[in-house]
Amino acid sequence: MAIGTETTVCGIVLHPAGHTRSPAMHNAAFAACGIDAAYHAFDVPPEYLGDALRGMRALGIHQLAVSIPHKEAVIAHLDRVDETARAIGAVNTVTLGSDGELVGTNTDWIGGLRAIEREIQPQGRRAVVLGAGGAARGLVYALGQAGAEVWVLNRTQSRAAELAEQLGAAGSGGLDELSDREAEIIVNTTSVGLGSDESPVDPRAIHAGAVVMDAVYVPEQTRLLADAAARGAVGIAGKWMLVYQAAEQFRLWTGREAPTEIMANAFDREADA
Ligand code: ATR
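Reading guide: rules and limits
Residues numbered from 1 in each chain as written. Predicted model: local features only at pLDDT ≥ 70, side-chain atom pairs only at ≥ 80, totals over all residues. Heavy atoms only, no water. Core = buried A, V, L, I, M, F, W, Y, C linked by side-chain atoms within 4.5 Å. Buried < 20%, exposed > 50% of the residue type's maximum accessible area, 1.4 Å probe, protein only. Helix = DSSP H or I, 4+ residues; strand = E, 2+ residues; numbered from the N terminus. Contact = heavy atoms within 4.5 Å. Axes fitted to C-alpha atoms, helices over the stretch in contact; angles between N-to-C directions. Parallel < 35°, antiparallel > 145°, perpendicular 65-115°, else oblique. Left-handed = near helix turned anticlockwise from the far one by under 90°. Nonpolar A, V, L, I, M, F, W, Y, C, P; charged D, E, K, R; others polar. Near = heavy atom within 4 Å. Polar contact = N/O pair within 3.5 Å; in protein donor to acceptor, adjacent residues only side chain to side chain. Areas by Shrake-Rupley, 256 points an atom, 1.4 Å probe, with all protein chains shown as cover.

Notes on the nonpolar core
Residues Ile116, Val140, Leu143, Met213, Trp240 and Met263 are the most contacted members of the largest nonpolar core, which totals 46 residues. Of all the elements, helix H9 (residues 239-254) adds the most residues to this core, at seven residues. Beyond its immediate sequence surroundings of up to four residues, Ile116 is in contact with Pro122, Leu139, Leu143, Ile185, Val187, Met213 and Ile236.

Below, the structure written as structure tokens:
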């Protein structure tokens, strides 16, 4: 679709610019749905974040995605943060209300939940989240909302304990406690495996039939997912979390269901680019 004077601008703020697949996914969705909008990646250093948000209001940009390192800092620049984003402590989506209010929400947790639901319904399941950073918070919240019994395991156990307490998880411990948990759902949110052939856990701690999702998506087939397959577990690639969180942003903004397969294909094309 040609960009014209009526084209709506939206996008993502992040720093450094790096390589984000969000523009590819959203622009593919806009094109497929005949929506006259263009999605741009804005490299915004921390000292300009407030200016960027004020600019959003001034320019009438309806929605901005917020990525690393701004997901927590952005809260100070918003008029309102919804209950979910407040519980998670991070905002990944800012919407401009008709009254000019900047409202923060979080779609990362929904992305994680939808991705898990491709393979299993979490209700009543034993789930383990590996890691205790920002990504872990979203997943612990998501699994808790979906009715799973969630344990948080992390290299630094005190961080896991703090997160578990704040978000009402069932318990916490170290990464070597995975085998004790007999987890039916395992989600890795640590950075272990990112660009390397390492896993955060011993493969023997993964049970056959478990569902294992890795938030790390480069490489797409991580060591953890390869171990899971070898153990007879079901793997879910981290790309689905990104596709579904973007799909939820699309739905919030347009009020329409997102073309998720088209967005996933755009994500894959970027990987090959
Ligand atoms: P994010 O916000 O993306 O989740 P983060 O807050 O930096 O990022 O968290 C990174 C996670 O990866 C943490 O859980 C971290 O464990 P610690 O809390 O012990 O630091 C985990 N992590 C990073 N490198 C790791 C490693 N080599 N082994 C095990 N865990 C690691």
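Next comes the rest of the write-up.
So, the packing of H9 against helix H10 (residues 260-272)
Running from N to C, H9 and H10 point in directions that differ by 130 degrees, and their axes come no closer than 10 Å. Looking at the two axes, H9 sits oblique to H10. H9 and H10 meet at a crossing whose hand is right-handed. Within the contact between the two elements, H9 uses Lys239, Trp240, Leu242, Val243, Tyr244, Ala246 and Ala247 and H10 uses Thr260, Glu261, Met263, Ala264, Phe267 and Asp268. Looking at side-chain class alone, the contact of H9 with H10 contains nine nonpolar, one polar and three charged residues.

Things to note about the site of the ligand
Taken together, 13 residues form the shell around the ligand, and within it Gly134, Asn154, Arg155, Thr156 and Arg159 come nearest. Measuring from an oxygen atom of the ligand, one finds a backbone N or O atom of Ala132 at 2.9 Å. Gly134 is positioned such that a nitrogen or oxygen atom in its backbone is 2.9 Å from an oxygen atom of the ligand. Here the ligand loses 64% of its free accessible area of 650 Å² to cover by the protein chains. Its residues assigned to classes, the shell around the ligand shows four nonpolar, seven polar and two charged.

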